[in-house]
Amino acid sequence: MWFLIAALALPLVEIALLIQIGGLIGLWPTLAWIVGSGVLGLAVIRGEGARALTDVRLAAAELRDPTAPMARGALSALAGVLLVLPGFLTDIVGLALLLQPIRALLLRTLARKVRVQTYGTPSQAPGVIDGEFHEIDAASLPPRGPSGWTRHDH
């Protein structure tokens, strides 16, 4: 229900802010702000998205937890989308998400609320398989015939 109220209220707030701030600074500066923030948003989405994808791939290749790079990438993408949307409120929130202290605070808050489950032990090196074995004396094994995968013509 809260999401629906916010979805309906956001455009109204944005229109009111555009009218108020546009009246103070004028039409052309308002349009320049909207176009400039849209261009910045697209640049953020493109640049930070590529960086986040690289960080996630690197974390996966090194068998590290990829949730931190994924969360940083998601915040960057959200910041970019908010900057692309026309309006002063979404631009302010989008710009705030680009600031490192705010981003770090949000990531810490999210980390407390999200549980990550991993498999294996972090001490295992890549390519190491943990297992147990028992040596069997070859002389104690019964004699074996062909495996069935090979063909013997007599």
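Right above here is the structure, for reference.
What counts as what
Position labels on residues start from 1 in each chain and follow its written sequence. In view of the model being predicted, local features appear only for residues whose pLDDT reaches at least 70, and side-chain atom pairs are presented and counted only at 80 or more, with totals across whole chains, interfaces and linings using the full set of residues. Note that water and hydrogens are dropped before the side-chain values are worked out from all heavy atoms of the structure. In this analysis the probe radius is 1.4 Å and the grid spacing 1 Å, with only protein atoms considered; a cavity is a set of points the probe fits into but cannot get out of, a pocket is an open set with protein on both sides within 12 Å along at least five of seven lines, and lining residues have an atom within 4 Å of a point. Grid points are joined across faces, edges and corners, and a volume is the space filled by probe spheres set on the points. The numbering of helices and of strands both runs from the N terminus, where a helix is a DSSP run of H or I of at least 4 residues and a strand a run of E of at least 2. Note on residue classes: Ala, Val, Leu, Ile, Met, Phe, Trp, Tyr, Cys and Pro are nonpolar, Asp, Glu, Lys and Arg are charged, and everything else, Gly too, is polar. Only one rule defines a salt bridge in this text: a Lys or Arg side-chain nitrogen within 4 Å of an Asp or Glu carboxyl oxygen. A simple rule labels every residue: compare its accessible area, found with a 1.4 Å probe on the protein chains alone, to the largest value its type can have, and call it buried under 20%, exposed over 50%, or partly exposed in between. Fitted lines through C-alpha atoms give the axes, limited to the stretch in contact for helices. The angle between two N-to-C directions lies from 0 to 180 degrees. Reported orientations rely on four angle classes, namely roughly parallel under 35 degrees, roughly antiparallel over 145, roughly perpendicular from 65 to 115, and oblique for the rest. Whether two residues are in contact is decided by their heavy atoms, any of which lying within 4.5 Å being enough. Here, patches come from residues exposed beyond 30% relative accessible area and free of salt bridges, joined within 9 Å for like charges and within 5 Å for nonpolar side chains (Val, Leu, Ile, Met, Phe, Trp, Tyr). Only the protein chains shown count as covering a residue, and every accessible area follows the Shrake-Rupley method with a 1.4 Å probe.

(A) Quick peek at empty space enclosed by the protein. In this structure the tally under the stated criterion is 1 cavity of 30 Å³ or more. Estimates place the volume of the largest cavity at around 40 Å³. Lining of the largest cavity is provided by Glu48, Arg51, Ala52, Asp55, Pro69, Arg72, Gly73 and Ser76. The set of elements that each furnish at least two residues to the lining of the largest cavity consists of helix H2 (27-61) and helix H3 (67-84). Classifying every residue of the lining of the largest cavity by side-chain character gives 2 nonpolar, 2 polar and 4 charged.

(B) Region of interest: the pattern of salt bridges. All told, the structure shown has 3 salt bridges when counted by the stated rule. We note a salt bridge from Arg51 to Glu48, for which the minimum N-O separation is 3.2 Å. In this pair, Arg51 and Glu48 are both assigned in helix H2, 3 residues apart and thus about one turn of the helix distant. Close ionic contact of Arg51 with Asp55 constitutes a salt bridge, the shortest N to O distance being 3.8 Å. With Arg51 and Asp55 both in helix H2 and 4 residues apart, this pair spans about one turn of that helix. Under the relative-accessibility criterion, Arg51 is labelled partly exposed at 42%. Taking relative accessible area as the criterion, Asp55 reaches 23% and is therefore assigned partly exposed. Three or more residues joined by partner-sharing salt bridges are found here, namely Glu48, Arg51 and Asp55.

(C) The packing of helix H4 (residues 88-98) against helix H5 (residues 100-113), seen in detail. The interhelical angle for the contact between H4 and H5, taken along N-to-C directions, is 85 degrees, at an axis separation of 5 Å. Between H4 and H5, the interaxial angle falls into the category roughly perpendicular. Residues Ala96, Leu97 and Leu98 of H4 touch H5, and the partners they reach there are Gln100, Ile102, Arg103 and Leu106. When grouped by side-chain class, the residues that make up the contact of H4 with H5 number 5 nonpolar, 1 polar and 1 charged.

(D) Quick look at the packing of helix H1 (residues 2-25) against H4. Where H1 meets H4, the axes come as close as 7 Å, and the angle between the chain directions of the two elements is 95 degrees. By the angle between their axes, H1 is roughly perpendicular relative to H4. Contacts between H1 and H4 involve Leu10, Val13, Glu14, Leu17, Leu18, Ile21 and Ile25 on the former and, on the latter, Phe88, Leu89 and Thr90. Looking at the contact of H1 with H4 residue by residue, the classes come out as 8 nonpolar, 1 polar and 1 charged.

(E) How the structure looks around a nonpolar patch on the surface. Side chains of Met1, Trp2, Leu4, Ile5 and Leu8 sit close together on the surface and give an oily, nonpolar patch of about 670 Å² of accessible area. When you line up the elements, Ile5 lands in helix H1. With relative accessibility at 44%, the residue Ile5 sits in the partly exposed group.

(F) Looking closely at the side chain of Thr30. Looking at where Thr30 falls in the secondary structure, it is placed in helix H2. The class for Thr30 is buried, based on a relative accessible area of 7%.

Keep in mind these numbers describe shape, not what the thing actually does.
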